[in-house]
Amino acid sequence: MEFSRRDALTAAVAAATTPLLGATPVSAAAPAADKQAPSFYRYKVGDVLVTVVSDGKNVFKLEDSFITNVKKDEVSAALEKAYMQPGTMTIYFAPLVLNVGGKVVVIDTGNGAAAKASTKGANGLFADNMAAAGFDPKSVDMVVISHFHGDHVNGLLTADGAPAFPNAEVLVPATEWKFWMDDGEMSRAPAGRMQGLFKNNRSIFETGLKKKVTPYEWNKELAPGLLAVETIGHTPGHTSYVLSSGSDKVFIQSDVTNNPNPFATHPGWHAIFDQDAPLAEKTRRRVYDMLVADKLKVQGFHYPFPGLGHVEKDGNGYRVIPAPWNPTI
Ligand SMILES: [Zn+2]
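Presented here is an overview of the structure given in this document. Quantities reported herein were computed from a predicted structural model and do not represent experimental measurements. (Residues numbered from 1 in each chain as written. Predicted model: local features only at pLDDT ≥ 70, side-chain atom pairs only at ≥ 80, totals over all residues. Heavy atoms only, no water.)

A few points about the coordination of the zinc ion
Then, in step 1: All of the protein donors around the zinc ion are Asp151 (OD), His152 (NE2), Asp255 (OD) and His302 (NE2); their distances to the metal are 2.1 to 2.3 Å.
Then, in step 2: Each of the four donor atoms around the zinc ion contributes to a set of angles spanning 89 to 169 degrees, which defines the coordination as irregular.
Then, in step 3: Donor residues for the zinc ion, ordered by position in the chain, follow D-H-x102-D-x46-H. Taken together, the positions of Asp255 in the loop between strand S13 (248-254) and helix H9 (260-263) and His302 in the loop between strand S14 (297-300) and strand S15 (308-314) put the pair 47 residues apart, joining distant regions of the chain. Assigned by exposure class, Asp255 and His302 land together as buried. (Donors = N, O, S within 2.8 Å, 3.2 Å for Na, K, Ca; no water. Tetrahedral: all angles 85-135°; square planar, octahedral: opposite > 155°, others 65-115°. Helix = DSSP H or I, 4+ residues; strand = E, 2+ residues; numbered from the N terminus. Buried < 20%, exposed > 50% of the residue type's maximum accessible area, 1.4 Å probe, protein only.)

Printed below as a string of structure tokens:
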């Protein structure tokens, strides 16, 4: 017997008009929940335990300026095609915590405590979710930063401006550090977003951390099996990582793309936050062609949670196939 769409509709109508439990009142009904479970997700890469910790999401109205080289209508149509809400864009955030070589290593830190307050808990959730996953910020040995945008560095400080990871060494890409700490670059920064970024970085790294950071170079191991690799364009020192252990490997891309919809599906689309957009596109195509050729797993900071997947070539762009949720580690 074939179950048709008509059957499904009929069943839905029947369900709506017939109480499933008959006339008996249910006295022990659970109250409707208004909160999601703490959002963290674990998987192994060889001997390394990776915990993806959600910092939440940001939903905003699509503006003409969001993608600089494509009309808003075309962007909106692409989002609708991916079953996203037309006229709005959603960005997710997911820092990582690694248990590697007996150490606890955090990669990027989310939007921070001020964002949690200003967004009423839509983002800035890294600290809460990290605690829910069983990590004490005082036990973090090392924090690795991929680049100096607020959604990656603001969680370095607590709500009162103190270091959020008081016992951790903070590693920053040397090129990124040089650019954002350069007074000449800061004085030449265009008004608006770029000036705001300089101001934010000075406040985090000078006022907050008193410049106590360790700059790192590309193609160096920062922790056992954690290799920093150059993926510039998004920012001058933007960095990704290859995490390997035994024969297992994952590419931690940081912001090579933002949300795969529309930025992996349309690698030629230039988001407002790519500082050197043509270079960011070149990097994106180079990295994604490599992910496809090597069938390499990828972990995306801005992918929908938990952000682990594979990439395939699809027409002129790429398709991300999310890894299925694994109830065991
Ligand atoms: Zn980002």
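Moving on from the coordinates now.
A word on the sheet that holds strand S11 (residues 226-230)
Then, in step 1: With mixed pairing, seven strands are arranged side by side in an open sheet as S10-S11-S12-S13-S14-S15-S16. Strand pairing shows two members of the sheet lacking a second neighbour, strand S10 (221-223) and strand S16 (317-322), which therefore form its edges. Strand-to-strand twist in this sheet, taken as the mean axis angle between neighbours without regard to direction, amounts to 35 degrees.
Then, in step 2: Pairing of S10 with S11 involves two bridges; the strand directions are antiparallel. (Pairing = 2+ DSSP bridges. Axes fitted to C-alpha atoms, helices over the stretch in contact; angles between N-to-C directions.)

Quick notes on the environment of Val298
Then, in step 1: Locating Val298 in the fold gives a position in strand S14.
Then, in step 2: Between the C-alpha atoms of Val298 and Leu156, which are 142 residues apart in sequence, the distance is 24 Å.

Examining the packing of aromatic side chains
Then, in step 1: For the structure on display, the rule yields 14 aromatic pairs.
Then, in step 2: With a centroid separation of 5.7 Å and 75 degrees between ring planes, the pair formed by Phe66 and Phe273 is classed as edge-to-face. Separated by 207 residues along the polypeptide, Phe66 in the loop between strand S3 (56-61) and helix H2 (72-81) and Phe273 in the loop between H9 and helix H10 (277-293) bring together distant segments of the chain. Neither residue differs from the other here; Phe66 and Phe273 are each classed as buried.
Then, in step 3: Summarising the aromatic geometry, the rings of Phe148 and Trp177 are spaced 6.3 Å apart at their centres and angled 80 degrees between planes, so their arrangement reads as edge-to-face. Pair noted here: Phe148 is in the loop between strand S7 (142-144) and helix H5 (150-153) and Trp177 is in helix H6 (residues 174-180), with a separation of 29 residues, a long-range link. Both residues of the pair, Phe148 and Trp177, belong to the buried class. (Phe/Tyr/Trp six-rings, centres within 6.5 Å; stacked < 30°, edge-to-face > 60°.)

Quick look at the sheet that holds strand S6 (residues 103-107)
Then, in step 1: Read across the sheet, seven strands follow the order S1-S2-S5-S6-S7-S8-S9 without closing on themselves; strand pairing throughout is mixed. Each having just a single partner strand, strand S1 (40-45) and strand S9 (214-216) make up the two edges of the open sheet. Strand-to-strand, the axes of this sheet are offset by a mean angle of 25 degrees, without reference to chain direction.
Then, in step 2: As paired elements, S6 and S7 share three bridges and run parallel to each other.

Overview of the pattern of salt bridges
Then, in step 1: Here the structure, examined in full by the defined rule, presents eleven salt bridges.
Then, in step 2: Salt-bridge contacts for Arg188 lead to Glu185; the nearest nitrogen and oxygen are separated by 3.9 Å. Remark: Glu185 and Arg188 occur in helix H7 (residues 183-188); sequence separation between them is three residues, near one turn of the helix.
Then, in step 3: Measuring nitrogen to oxygen at the nearest pair gives 4.0 Å for the salt bridge that ties Glu206 to Lys211.
Then, in step 4: With relative accessibility at 30%, the residue Glu206 sits in the partly exposed group.
Then, in step 5: Note on Lys211: relative accessible area 43%, which makes it partly exposed.
Then, in step 6: Among the ionic contacts, a cluster of salt bridges with common partners joins Asp183, Arg202, Glu206 and Lys211. (Salt bridge = Lys/Arg side-chain N within 4 Å of Asp/Glu carboxyl O.)

None of this, on its own, says anything about what the molecule does.
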